[in-house]
Structures are given as structure tokens and as C-alpha cells.
Amino acid sequence: MINDPYLNIVFRSVCVYLFMIIALRIFGKKELSQLNTADVILILLISNSVQNAMVGNNTTLLGGIVAAFALFIINIIFKKTMLRSKFIKELLQDKPEILIHNGKIDFKALSKIGISSEELQEAMREHGVEHYNEVKLAMFEIDGSISIISGDKNLKQTHHKRKIHKSLGNLNN
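Because the structure is a prediction, the values reported are computed rather than measured.

Participant: With reference to specific residues and values, describe helix H6 (residues 117-126).
Facilitator: Buried residues of H6: Leu-120, Ala-123 and Met-124, and no others. Buried residues of H6, seen end-on, are gathered within an arc of 100° and therefore sit on one face of the element. Projecting away from the buried face of H6 at angles above 90 degrees are the exposed residues Glu-118 and Arg-125. Immediately beyond the C-terminal end of H6, within one or two residues, lies Gly-128, with a positive phi of roughly 80°.

Set out below in C-alpha cells:
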């Protein structure tokens, strides 16, 4: 490893950050808005377990600040790299998925993304659409929202942001 303790923390933090990016991509979470209770618990436990991997035996305030600073910097670099590199962006970010096209539901897409028919119906209701056959196009966007365009000229396009699982609502109390 690196002899300087603070450079060592930076190196370890960057490694953990890259590992988490790859792990989230492999395990298929397109956006954090898709996390259920078990996923949130997993993320919390992972954050606790990788803390020592980032800072080692250094439990000083400065050690924690150096680790956090390294994470912020690598995150900025990573985002800018994704903006500039189409290859990196396509590697790490999924494309929007068609859920309904001209009233026909794509059940494979729903299953792949992990959206239940109840969630899709809720999104349709929030968009003022009652039946699937009224939907011209429903898309699962890369930001985790469901956008719906109906065939009705009087209805306007709106966005439905997937909510965190209802059982997580009690965590704020």
C-alpha cells in the first residue's frame, strides 16, 4: 500500500467507490428509487462494512474528512467522465425501457425492471389514464420515473416518480 496515511485513505476510498459502482451495476439497480427495504438495509450494512476498508485504523476527524473528500472528488470525476464518454455512459447507465406501446404491455420489460402491474397502474392513474389500451407510450426513464403519453389529446404528458417502498416511511419518525 501507500506509505502516506492520507494518500492511503484516498486510494482505499476510490477503490471502494469503484467497487460499489460496479456492484450496483452488476446487481441490476438502475436507480436508487427502486430500492426496497432489504436493499436499503443492505446498503447501510455495506457502508458500515467498508468504512474500515477506506480509513483503516485511522479514526481521526481528518481521516474521515479525507475519505469523504476523496469520495466527493471521485464522484465528480466519474460524472464528468460519463458526460464526455459515450462508451462509459452506455456501460454504466441503462437505457429507457418501453413498458407499454399502443396499449400493449411489455411484460418482459416489467419483469426485468422489477415493476409490478400495481405500480404501473398507479402511475397510469397519476397520469389520468384508466386503462392500458388508452396508453400510447409508457417509458421507464433512466432517472427511475415512469412517463406516460396517452392517446387522448386532452391529457398532457406527466411524470411519475417511483416512491420508496411504503414500509420505509416509518424510518423518518
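So, next bit.
Participant: Go over the pattern of salt bridges, please, and point to the residues and values.
Facilitator: Within the structure shown, the criterion is met by one salt bridge. Across the pair Lys-112 and Glu-97 runs a salt bridge, and its minimum N-O distance is 2.9 Å. You can see Lys-112 sitting in helix H5 (residues 107-113) and its partner Glu-97 sitting in strand E1 (residues 97-101), a full 15 residues away along the chain. Look at Lys-112 and you get exposed, because its relative accessible area is 62%.

Definitions and cut-offs
Residues numbered from 1 in each chain as written. Predicted model: local features only at pLDDT ≥ 70, side-chain atom pairs only at ≥ 80, totals over all residues. Heavy atoms only, no water. Buried < 20%, exposed > 50% of the residue type's maximum accessible area, 1.4 Å probe, protein only. Helix = DSSP H or I, 4+ residues; strand = E, 2+ residues; numbered from the N terminus. Arc of directions from axis to C-beta. Salt bridge = Lys/Arg side-chain N within 4 Å of Asp/Glu carboxyl O.

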